[in-house]
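Take a look at the letters that make up each chain.
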Amino acid sequence: MAVESSAVLAAKAVLASIDLSGYDAEQSRLMDERCILVDEEDNAIGAMDKKTCHLMENINKGLLHRAFSAFIFRPSDGRLLLQQRASEKITFPDLWTNTCCSHPLDDFEEEKVEKDQLGVRVAASRKLEHELGIPQDQTPVDEFQYLTRIHYLAPSNGMWGEHEVDYILFLTADVTVNPNENEIRDHRYVSKEELQAMFDDPANSFTPWFKLIARDFLFGWWDQLLEKRGADGKIFAKSLAGAADGSKVIKMV
């Protein structure tokens, strides 16, 4: 008999829970949303609420879920839109990160569709509107360029953390930002050089997945975007098609 992976075993286990009454009411409500559980190869194996998925006690058993990290670049100058997570966030509050990081949900049938990464694309458009107030007609799902998936694990504090298969999506678009203050404390557009200066400044703190993606992938792909400017001088995310092997999960654990 084949040995089941830790992610599969964890999905079948009796998992820990916690009372969220001491946290922000809206963020606590969102913890009831159901993430898509996956194994280490990103095969869907069930669903579980966000609260259960993000408790380190369960993560340490191997519980793993699907996520996305979206990066929006301004076409005219190639600057990247960053956000600083709100203080109200239960996991990784006040940290700088990429444009939007969240989860496709088992609650929505379309977000479970795996063909051409449709589910994560739909989720990215939905969450960009929820967090940054960007109208969904400015983030068409077919304009996202999928690059690859990473499997990583990162604690937030003693109780909370992340353990995800994270889809990396790039989008080039001029967008209208109207932040949800319960989600986002600050936002800014940065050049490559400005982002590197932010990383070098010890006064700034960043989410672990953003640091991993930046360390191993982001700056190289950003260079390619800038090198492939069109005749109009604008960058286009779709120019990165084939820049990475998106067929496999890159393990960073």
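Procedures and definitions
Positions within a chain are numbered from 1, following the residues in the order the chain's sequence is written. The predicted nature of this model means local features are confined to residues of pLDDT at least 70 and side-chain atom pairs, given and counted, to a pLDDT of 80 or more, with totals for whole chains, interfaces and linings taken over all residues. Think of the side-chain values as coming from all heavy atoms in the structure, minus any hydrogens and water. Put simply, DSSP H or I for four residues or longer makes a helix, DSSP E for two residues or longer makes a strand, and each gets a number counted from the N terminus. In this analysis, the expected span of each helix is defined as 1.5 Å times one less than the number of residues it contains. Relative accessible area decides the class of each residue, using a 1.4 Å probe on protein chains only: under 20% of the type maximum gives buried, over 50% gives exposed, and in between gives partly exposed. Contacts: residue pairs with any heavy atoms within 4.5 Å of one another. A side-chain nitrogen of Lys or Arg and a carboxyl oxygen of Asp or Glu constitute a salt bridge if their distance falls within 4 Å. Note on definitions: the grid is 1 Å and covers protein atoms alone; a cavity is a set of points where a 1.4 Å probe fits but cannot get out; a pocket is an open set with protein on both sides within 12 Å along at least five of seven lines; lining residues have an atom within 4 Å of a point. Grid points are joined across faces, edges and corners, and a volume is the space filled by probe spheres set on the points. When residues are grouped by polarity, Ala, Val, Leu, Ile, Met, Phe, Trp, Tyr, Cys and Pro land in nonpolar, Asp, Glu, Lys and Arg in charged, and all others, Gly among them, in polar. Our arc is simply the arc of the directions from the helix axis toward the C-beta atoms. Only strands that DSSP links by at least two bridges are regarded as paired with each other. Put simply, two rings from Phe, Tyr or Trp (the six-membered ring, in Trp's case) pair if the centres are within 6.5 Å, and we call them stacked under 30 degrees between planes, edge-to-face over 60, tilted for the rest.

> Help me out: how do you make sense of helix 5 (residues 118–132) in this one?
Quick reminder: α-helices carry 3.6 residues per turn. Residues three or four places apart thus point the same way. With 15 residues, helix 5 should reach 21 Å at 1.5 Å per residue; the first-to-last C-alpha distance of 21 Å fits that figure. Of all 15 residues making up helix 5, twelve are buried, and the element is well covered by its neighbours. Within helix 5, burial applies to Gly119, Val120, Arg121, Val122, Ala123, Ala124, Ser125, Arg126, Lys127, Leu128, Glu131 and Leu132. Where helix 5 is buried, its residues touch strand 3 (65–73), strand 4 (80–85), strand 6 (100–102), strand 7 (145–155), strand 8 (161–172) and strand 9 (184–190). Positive phi appears at Gly133, one or two residues downstream of helix 5, with a value of about 70 degrees.

> I keep staring at the pattern of salt bridges and nothing clicks. Help me out?
Once their charged atoms are close, side chains differing in charge can pair, the charge on each being opposite to the other. Enumeration according to the criterion identifies 17 salt bridges in this entry. A salt bridge links Glu26 to Arg29; the nearest nitrogen and oxygen atoms lie 2.7 Å apart. Pair noted here: Glu26 and Arg29 are both in helix 2 (residues 25–30), with a separation of three residues, about one helical turn. You can call Glu26 partly exposed: its relative accessible area is 29%. One salt bridge in this structure joins Asp42 and Arg66, with 2.9 Å as the shortest N-O distance.

> Looking at this structure, I do not really get the side chain of Asp42. What am I missing?
Positionally, Asp42 belongs in the loop between strand 1 (34–38) and strand 2 (44–49). Beyond its immediate sequence surroundings of up to four residues, Asp42 is in contact with Arg66, Glu114, Arg149, Val165, Tyr167 and Val249.

> Looking at this structure, how should I read empty space enclosed by the protein?
Over the atoms a probe the size of a water molecule is rolled, and this reveals where empty space is left. Scanning the model with the defined rule gives one cavity of 30 Å³ or more in all. Considered as a void within the structure, the largest cavity measures approximately 280 Å³ in volume. Partitioning the lining of the largest cavity into residue classes produces eight nonpolar, six polar and nine charged.

> Explain helix 6 (residues 192–200) here, please?
For helix 6, the full list of buried residues reads Lys192, Leu195 and Met198. Viewed along the axis of helix 6, the buried residues span an arc of 120 degrees, placing them on a single side of the element. Seen from the buried face of helix 6, the exposed residues on the opposite side, beyond 90 degrees, are Glu193 and Asp200. Those residues of helix 6 that are buried lie in contact with strand 4, strand 5 (96–97), strand 9 and helix 7 (208–227).

> For this particular structure, what's the right way to read the pairing of strand 1?
Within a regular strand, the side chains alternate between the two sheet faces. For strand 1, the tally of buried residues reaches four of five residues, placing the bulk of the element in the interior. Where strand 1 lies against strand 2, five bridges are found, and the strand directions are antiparallel. Following the sheet pairing, Val38 is matched in strand 2 by Ala44. Taken together, strand 1 and the strand that follows it, strand 2, pair antiparallel across an intervening segment of five residues, in which Asp42 is found at a positive phi of about 70 degrees.

> Mind showing me how you'd approach the packing of aromatic side chains here?
Aromatic ring pairs: the centre-centre distance and the angle between the two ring planes describe each pair. Under the criterion given, the structure shown has 15 aromatic pairs. Judged by centre distance (6.1 Å) and plane angle (45 degrees), the rings of Phe71 and Phe210 are tilted. On the criterion of sequence distance, the pair formed by Phe71 in strand 3 and Phe210 in helix 7 is long-range, its members being 139 residues apart. In this pair, the class of Phe71 matches that of Phe210, namely buried. Ring geometry for Phe217 and Trp221: centres 5.1 Å apart, planes at 15 degrees, overall stacked. In this pair, Phe217 and Trp221 are both assigned in helix 7, four residues apart and thus about one turn of the helix distant. Here Phe217 matches Trp221 in class, with each residue buried.

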